[in-house]
Amino acid sequence: MNTRPGSHSKTFPESQTDILGMIATDHHLGEILSAICQMQDAQSPETFCSILLTDAEGKRLLSGAAPGLPVEYSEAIHGMAIGPQEGTCGTAAFRRELVVTEDIARDPKWERFRGLALGHNLRSCWSVPLLSHQGSVLGTFALYQNRTHAPDEAQIQRLACAAQLAVIAIRHERDGQRLEASEQRFRSLFTYNPNPVFALDLAGNIQSVNPAGLKLKPHTATDFLGHHFSRLLLEEDLERVSRHFYAARAGEPQRFEARLLDESDNLLTMDISNLPIMVNGEIVGVFGIARDISEQKHYERQLSFNACHDRLTGLLNRVSLEERLMLDCHISRRRKRRLAVMCIDLDGFKSINDSIGHYFGDQVLIEVAQRMTRQVRPGDTIVRMGGDEFVVLLPDLLLDEDVVPVVERLMASIARPYCIQGIDLHVSASVGITLSDGHIEQPMQLLQQADMAMYKAKEQGRNNFQWYTSDLNQRVCEHASLRNDLQKAIETQSFKLHYQPQIDARTGRVVGIEALLRWAHPEKGFISPAVFVPVAEDSGQIIPLSLWVLDTACAQLRQLGEQGITGISMAVNISPMHFQRGNFVQCVQAALEKYGLGGEQLELEITESILLHNAEQAIDTLHRLKALGVRIALDDFGTGFSSLSYLKRLPIDKIKIDRSFIQEISTDRHDAAITQGIISMAHHLSLTVVAEGVETASQVDFLTGSQCDVFQGYYFAKPMPCAEIEAFLCHPACLSLTG
């Protein structure tokens, strides 16, 4: 039997007051809950109070306090489930309402615990759930009695009152735990934050600082506390930072950048957040949270520098040019002074890269930039446009002539030898200059003008400077217009081929024909190849043009063969640019196969210029052509650089004497001697000799006497269209070789 003597030493209200005092003085929750149970038990010796608490998941009830119940019973119900048939307490927690069991022996909810309760003489049980303000179940408050019994109104009221005390105690305990956890989290955030954190009062004095903040100046860290934050900042930033501080003190969070010196006097850039410190709705201070962004700012500065500067030389790059040019034009207009724009291109630089490598080329460019910088004024601008091209802006000139000593100094400085790793290297400069008073709508046009003048300097033999003129602009415009027209003609295949016969000097028989390109412009009429071919070579248009000539000439040779005209070869002039392409031999082979021609039917005329850049590669290409059976003729012989050292190695079949030696051959003994020498040398090398530009009987007589092999020129036949050459070859006119 559970019996306990009653205790009425204190009234219920007095006990409530004591319990509230225990809560206010932060007594342990277990003590407070036991006191509540004892207060309730004291009201009736037949009542045994029990308080159970929910587990963390809210699915079970755990022992909280039950000083009047047998220990064995409390241990047995510890961990009971919350559910609709889990005794009185489990059911009350499940239903969230008062549950009364008048007779445990008969209540089906007690199926699991009936024997346990009756074994300890517990006959009835009343239980209410303990609910938080949010409605979650904190536990249950139960009264057991050793008789079957239902509560009256007064007992239910006391039960609810005691339960409310338990709720207050539990909430106070858990609120305290949450507060302590929150404070610990805050302390962890403050203490272990890798960024400096300062707590400032409303005057801006430092109240506390975390370890990261102390590391800014470890030897003077204790001096932080109590002192104004201004002691950490650069004086130049103080006024601006103070404005941010006062804004945060007024309740507006701030974020800004500021600079400070660390203990080693290194300048640091900090990203700072100022946040108001609120206590009970009142701002009592300001947090300063700083993040070191010095490396980031350095990186940003580097990116900004690289965006407008050349990485190799450190000069400004083309991105900055337009802005500088516009500024200098503005200065010239305002001050009524002159502006000079110079384009500078290095002569001989490409051969350095090609012969000994880009490292040496880069070192030359770096030294060129340094030398140029030393020759101009601080307000002048030098820009590296890329490669070996530079632009110099000279604003604020009083006279046009003032630019001359500057360009002369620049050219002389650039021309001095460059000694790199013991190797002396040499470059010079071609310079184009244009002048302006700043009154120009499109300042970048000045750059175009200087560029035109620079190319004129290149054409004048390099290592000189040239001025921009309106005539030069007109020539450049005509060149551009011709290039556009040339492209249209290529796309529409508006070219024609004319063919000029080549005559055997001994028999008078036609042994070959040369394909010659002709262009009849729809507006400008006939345009000489001497005019448009250089334009095509400059623009790269010569490649599709050369392919068209090769294809058309092979097609014509096939057509002549079908007409029964055989035993002649087709000579085609080859552009050096096309010849140097890696797939040139494949293009020739494809044309031969396309029209079913033998290699010996095609003769390719090359000039000495193919040996200029890579003689060994050129010789290899010639051997590959010879392997196809193609014949090779060296055209314009004697007019280019001396190729005599290569002549014995070149796999060629013919030499064509340039017309410039033939014109005065009968009256100029020097031309006659040169021509005879060429013929003699060629024959000793087993080469056939072709004389071009033969126009008179006296020329024919001299060449015949000098043992020339083949004649070509107006004396025998002019170049003629396709239909005419067919007729000529079918019924050749009587050819006189005797004059």
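Look up a bit, the structure's there.
Draft legend 1. Structural view of the sheet that holds strand β14 (residues 381–386). If you walk across this open sheet you meet the 6 strands as β12-β14-β15-β13-β18-β19, and the pairing is mixed. One side of each edge strand has no neighbouring strand; the edge strands of this open sheet are β12 (316–317) and β19 (465–467). Alignment of strand β18 (residues 428–436) against β19, held across 3 bridges, turns out to be parallel. Considered in β19, the bridge of V431 is made with F465. Running over the sheet, helix α10 (residues 318–335) touches β12, β13 (338–347), β14 and β15 (389–397) and is turned about 20° from β15. With respect to the sheet, helix α13 (residues 403–415) is in contact with β13, β15, β18 and β19, its orientation differing from that of β13 by roughly 20°.

Draft legend 2. Representation of the nonpolar core. The biggest cluster of nonpolar side chains holds 81 residues, and the ones touching the most others in it are F495 and L604. Per element, the largest residue contribution to this core is 10 residues, and it comes from helix α17 (residues 542–562). If we skip the residues at most four places from it in the chain, L604 touches V572, I574, F584, V588, L625, V630, R631, I632 and A633. If you look at the next biggest cluster of nonpolar residues, it comprises 32 residues, including I344, I352, V364 and V407.

Draft legend 3. Focus on the packing of aromatic side chains. Applying the stated criterion across every chain, the model contains 14 aromatic pairs. A ring pair is formed by F495 and W519, whose centres lie 5.5 Å apart and whose planes are at 50°; its orientation type is tilted. Of the two residues, F495 sits in strand β20 (residues 495–504) while W519 sits in strand β21 (residues 510–521), which places them 24 residues apart along the sequence. Under the relative-accessibility criterion, F495 is labelled buried at 3%. On the basis of relative accessible area, W519 is assigned to the buried category, the value being 2%. Both rings, one in W519 and one in F532, keep their centres 5.4 Å apart while their planes meet at 90°; by these two values the pair is edge-to-face. With a gap of 13 residues between them, W519 in strand β21 and F532 in helix α16 (residues 529–539) connect regions that are remote in the sequence. Neither W519 nor F532 differs from the other in exposure class; each is buried.

Draft legend 4. Spotlight on the sheet that holds strand β11 (residues 282–292). In spatial order, the strands read β8-β7-β11-β10-β9; together these 5 strands make up an open sheet with antiparallel pairing. At either end of the open sheet lies a strand with only one pairing partner, and these are β8 (206–209) and β9 (254–261). Recorded for the sheet is a direction-independent mean angle of 30° between the axes of neighbouring strands. Pairing of β9 with strand β10 (residues 267–279) involves 8 bridges; the strand directions are antiparallel. When the bridges of β10 are listed, R255 appears paired with S273. In the packing of helix α8 (residues 235–249) onto the sheet, the strands contacted are β7 (197–201), β9, β10 and β11, and the crossing angle to β9 comes to about 145°. In the packing of helix α9 (residues 294–308) onto the sheet, the strands contacted are β9, β10 and β11, and the crossing angle to β10 comes to about 130°.

Reading the values: the criteria
- Residues numbered from 1 in each chain as written.
- Predicted model: local features only at pLDDT ≥ 70, side-chain atom pairs only at ≥ 80, totals over all residues.
- Heavy atoms only, no water.
- Pairing = 2+ DSSP bridges.
- Helix = DSSP H or I, 4+ residues; strand = E, 2+ residues; numbered from the N terminus.
- Contact = heavy atoms within 4.5 Å.
- Axes fitted to C-alpha atoms, helices over the stretch in contact; angles between N-to-C directions.
- Core = buried A, V, L, I, M, F, W, Y, C linked by side-chain atoms within 4.5 Å.
- Buried < 20%, exposed > 50% of the residue type's maximum accessible area, 1.4 Å probe, protein only.
- Phe/Tyr/Trp six-rings, centres within 6.5 Å; stacked < 30°, edge-to-face > 60°.

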